[in-house]
Amino acid sequence: MLFEVLRKQIVFTASESKLSRVMKSVRAAMEYEGLIRNPKKCAVAHFKRGVRVAESTSLLMSDGNINIQMLEDGQQYKFLGERGLRSVETEYKETKVKAAVNLYLNRDPAMKMVREYVEEAESKGYQSMTKEAGKYAEEYGLQLQLNYPDPACVTEEGEVLFGDKWKTRLRKLQEARMERVVEEQKWQEKLITARKEDGDLNTEQCFWWLSKWPTCPTRAIAGMFEIYEQLLPTRLYAIHKTQASPTSDPSCRLCGTAPESLAHLLSACPALAQTKYLARHDAVLKVLFFDIIEYLGLIETSPPWYSPTKPQPVYEGAHAQSF
C-alpha cells in the first residue's frame, strides 16, 4: 500500500517551504488512494551541513491547518529511529569527502574551473566543499591532501593512501566507530565481543553467501541481519531491550518450557524440533547429497544451495545408484 511505503521513507528538501510543498503533494497522493495521513506519526528534523540542528517550532503545512512536530533532542522517530538519523549524518559526511577527492581526481578540463572556484572561496574564508570535507575526514583520523591530479589521504600512522584505497580505509574506520558504539550497548555487547574473539564469526565468513546469491530477496537479507544482531521480537527482547513489557512472562509462547530467547528459538525449542528444525536439517543435507551424486556422475551439475529443487527418489548411473 502507498501508506506503508510513504510512512517509512525519509523526505529530503533544501528548505522548510519546499518540505511543506512536498508534504502537501504526498498528502494529495495518499488521499487519491483513499488513505489518510496521520501527522502524529510524522516528525521533522533539520540538518545544516550534515549536523542536526535543534529546532523548537513545528512545521506548518502550506494549507495552514496541520502542524508536524519537530523531533526534539533525545527523542526518537518511531520509524526512523536515532540510528537512522545518525546514518543520514554519516552518509552526508562521507559523500562530502568522496566528492572533494573525486573533484581533484577528475581530469576533465571543465572541472578546472570548479576547483578554482572552490579554492578561491576557501582562501577568502567562505564555506567550501573542500574545507568541510577536510573537517569530516579528520573525524576519522584522516588528513586530506587535495592536490590535482593525485589527491591522497594520510592516516594517523603516516600512511599515504592514493586512488580508491582511501575509500576502503574510510569504510573500515566507519565500521570500527560503529563497533565502539555498539560495544557500549548492553544488548549487543556480548555478541560483538564474541565475534571479535572467534575468527569464524568475522564479517567475510558470516556473510559470504551474499556474494554467491546476487538475487537474494531483500526480506531474506533483512531477516538474517535481524537474527545476527538479535533484534527479533522475542519476549526477552521486549523485556530487556525495548522494555515494552518489562514485567511480562518470558516463557516461550510455543513450548513454555524455557525463556523465549533467540538461541532458544533457533535450536532448543521442542515445539519446532519436528518441523522447522527438521526442514533446516534436510536443507543442509540436500547440499551435501547433490554434491555427492554429482561426483558419482549421477547428475551433470549440482544446483545452488538456495535452489528449491528437491531430490528425486532414485538416481541411476553407469557406476552408481542412489535411492
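The structure presented is a predicted model; accordingly, all values stated were derived computationally and were not measured. (Residues numbered from 1 in each chain as written. Predicted model: local features only at pLDDT ≥ 70, side-chain atom pairs only at ≥ 80, totals over all residues. Heavy atoms only, no water.)

In terms of regular secondary structure, the protein is built from 13 helices and 9 strands. As displayed, the protein has an accessible area near 22,000 Å², and 54% of this comes from carbon and sulfur atoms. (Helix = DSSP H or I, 4+ residues; strand = E, 2+ residues; numbered from the N terminus. Areas by Shrake-Rupley, 256 points an atom, 1.4 Å probe, with all protein chains shown as cover.)

One open sheet accounts for 3 strands, arranged β5-β6-β7; its pairing is antiparallel. Two strands lie at the open edges of the sheet, namely β5 (143-145) and β7 (160-162), each paired on one side alone. Each adjacent strand pair in this sheet contributes to an overall mean axis angle of 25°, direction not counted. (Pairing = 2+ DSSP bridges. Axes fitted to C-alpha atoms, helices over the stretch in contact; angles between N-to-C directions.)

Scanning all chains against the criterion turns up 6 salt bridges. Put simply, glutamate 139 and lysine 93 hold a salt bridge, and the shortest N to O gap is 3.1 Å. Taken together, the residues span a long stretch of sequence, with glutamate 139 in the loop between α5 (129-138) and β5 and lysine 93 in helix α3 (residues 81-105) at a distance of 46 residues. For the salt bridge of glutamate 120 with lysine 124, the shortest nitrogen-to-oxygen distance reads 3.4 Å. We classify glutamate 120 as partly exposed; its relative accessible area is 39%. With a relative accessible area of 54%, lysine 124 lands in the exposed category. (Salt bridge = Lys/Arg side-chain N within 4 Å of Asp/Glu carboxyl O. Buried < 20%, exposed > 50% of the residue type's maximum accessible area, 1.4 Å probe, protein only.)

Tallied over the entire structure, the rule returns 2 cavities of 30 Å³ or more. Approximately 30 Å³ is the volume attributed to the second largest cavity. Residue lining of the second largest cavity: Lys93, Glu94, Val97, Tyr136, Ala137, Tyr140, Leu170 and Gln174, and that is the complete set. Only α3, α5 and α6 (165-183) provide two or more residues apiece to the lining of the second largest cavity. A breakdown of the residues in the lining of the second largest cavity according to their chemical character gives 5 nonpolar, 1 polar and 2 charged. (1 Å grid on protein atoms, 1.4 Å probe; cavity = no way out; pocket = protein on both sides within 12 Å on 5 of 7 lines; lining within 4 Å. Points joined across faces, edges and corners; volume = space filled by probe spheres on them. Nonpolar A, V, L, I, M, F, W, Y, C, P; charged D, E, K, R; others polar.)

Ranked by internal contacts, the top residues of the largest apolar core, which has 17 residues, are Val97, Leu144, Leu146 and Trp166. Secondary-structure elements contributing two or more residues to this core are α3, α5 and α6. At 5 residues, α3 tops the list of elements feeding residues into this core. Once residues lying within four places of it in the same chain are set aside, the contact partners of leucine 144 are Val97, Val101, Ala133, Gly134, Ala137, Ala152 and Cys153. (Core = buried A, V, L, I, M, F, W, Y, C linked by side-chain atoms within 4.5 Å. Contact = heavy atoms within 4.5 Å.)

A word on a nonpolar patch on the surface. A cluster of nonpolar side chains, namely Leu285, Leu288, Ile292, Tyr295 and Leu296, defines an oily patch on the protein surface of about 560 Å² accessible area. With respect to the helices and strands, leucine 288 occurs in helix α13 (residues 276-295). (Patch = residues over 30% accessible without salt bridge, like charges linked within 9 Å, V, L, I, M, F, W, Y side chains within 5 Å.)

As a further point, take the state of the cysteines. Taken as a whole, this structure holds 0 disulfides when the rule is applied. The thiol sulfur of cysteine 269 is not disulfide-bonded, and the nearest other cysteine sulfur, from cysteine 255, lies at 3.8 Å. The buried category is assigned to cysteine 269, whose relative accessible area is 1%. (Disulfide = S-S within 2.5 Å.)

Glycine aside, residues mostly have negative phi, and peptide bonds are mostly found in the trans state. Omega for the bond connecting tyrosine 148 with proline 149 falls within 30 degrees of zero, at 5°, which places this linkage in the cis form. Position of proline 149 relative to the elements: it lies in the loop between β5 and β6 (152-154).

Aromatic rings in a pair are described by how distant their centres are and how their planes are angled relative to each other. Going through the model one piece at a time under the given rule, you end up with 2 aromatic pairs. Put simply, the rings of Phe289, Phe290 and Tyr315 pair up and form one aromatic cluster. (Phe/Tyr/Trp six-rings, centres within 6.5 Å; stacked < 30°, edge-to-face > 60°.)

The predicted coordinates ought not to be read in detail in places where the model reports low pLDDT. Confidence in the prediction of the protein, expressed as mean pLDDT, is 75, and 71% of residues score 70 or more. With pLDDT under 50 throughout, residues 1-8 is counted as low confidence; its partners more than four residues away or in other chains account for 13 contacts. Scored below 50 in pLDDT, residues 76-84 makes 15 contacts in the model with residues more than four places away or belonging to other chains. (pLDDT = per-residue confidence, 0-100.)

When you line up the elements, serine 322 lands in strand β9 (residues 321-322). In this structure, the C-alpha to C-alpha distance between serine 322 and isoleucine 292, residues 30 residues apart in sequence, is 10.0 Å. Serine 322 has contacts with Phe289, Ile293, Leu298, Pro313, Val314 and Tyr315, leaving out every residue within four places of it along the chain.

Let us look at the side chain of glutamate 260. Following the sequence through the fold, glutamate 260 ends up in the loop between α11 (235-241) and α12 (262-267). Exposure remark for glutamate 260: the relative accessible area of 3% places this residue in the buried category. In this view, glutamate 260 contacts Pro233, Thr234, Arg235, Leu236, Pro250, Ser251, Cys252, Arg253 and Leu265; residues no more than four positions away in its chain are not counted.

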